[in-house]
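Overview (structure and organization)
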Amino acid sequence: MTAKERLLLWSKQITDGYVGVRCDNFTTSWRDGRLFNAIIHKYRPDLVDMSRVSTQTNRSNLEQAFTVAEQLGVAKLLDPEGKICTVSPVHQIIVKTCAPLSQK
């Protein structure tokens, strides 16, 4: 299993049971910000209100997730519009964003 496949499996396992959160791939599953927020919530439920996440816009969810992740020491590699702040492919950015969270 590749590191990319392991990350997808890990993301799917830790967010299992979160209503409205899907983890099927590195594109559409991450676009609405719910998966990012669910991962943060799993480790720091005090920082993310998942009932609010389900009613916010995709942009608001992404802004929230990236802001909270930065507070936890995770470098911001994407902006809410999906513009990449580095030259890495998107799956590598997701790996770089989520890997530190999996260590907490």
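Residues numbered from 1 in each chain as written. Predicted model: local features only at pLDDT ≥ 70, side-chain atom pairs only at ≥ 80, totals over all residues. Heavy atoms only, no water.

Looking at helix α2 (residues 34-43)
To be explicit about the condition: A 1.4 Å probe rolled over the protein chains alone gives each residue an accessible area, and that area as a share of the maximum for its type sets the label: buried under 20%, exposed over 50%, partly exposed in between. The way it works is that DSSP assigns letters per residue, a run of H or I at least four long becomes a helix, a run of E at least two long becomes a strand, and they are numbered from the N terminus.
With seven of 10 residues buried, α2 lies mostly within the body of the structure. When we look at burial in α2, the residues that qualify are L35, F36, N37, A38, I39, I40 and H41.

Regarding the environment of F36
Mapped onto the fold, F36 is located in helix α2. A relative accessible area of 4% places F36 in the buried class. Between the C-alpha atoms of F36 and T15, which are 21 residues apart in sequence, the distance is 9.6 Å.

Comments concerning the pattern of salt bridges
Heads up, the condition is: Here a salt bridge means any side-chain nitrogen of Lys or Arg lying within 4 Å of a carboxyl oxygen belonging to Asp or Glu.
Summed over all chains, the structure comprises four salt bridges. Here R34 makes a salt bridge to D32, at a shortest N to O gap of 3.8 Å. Between D46 and R44 there is a salt bridge, with the nearest N and O atoms lying 2.8 Å from each other.

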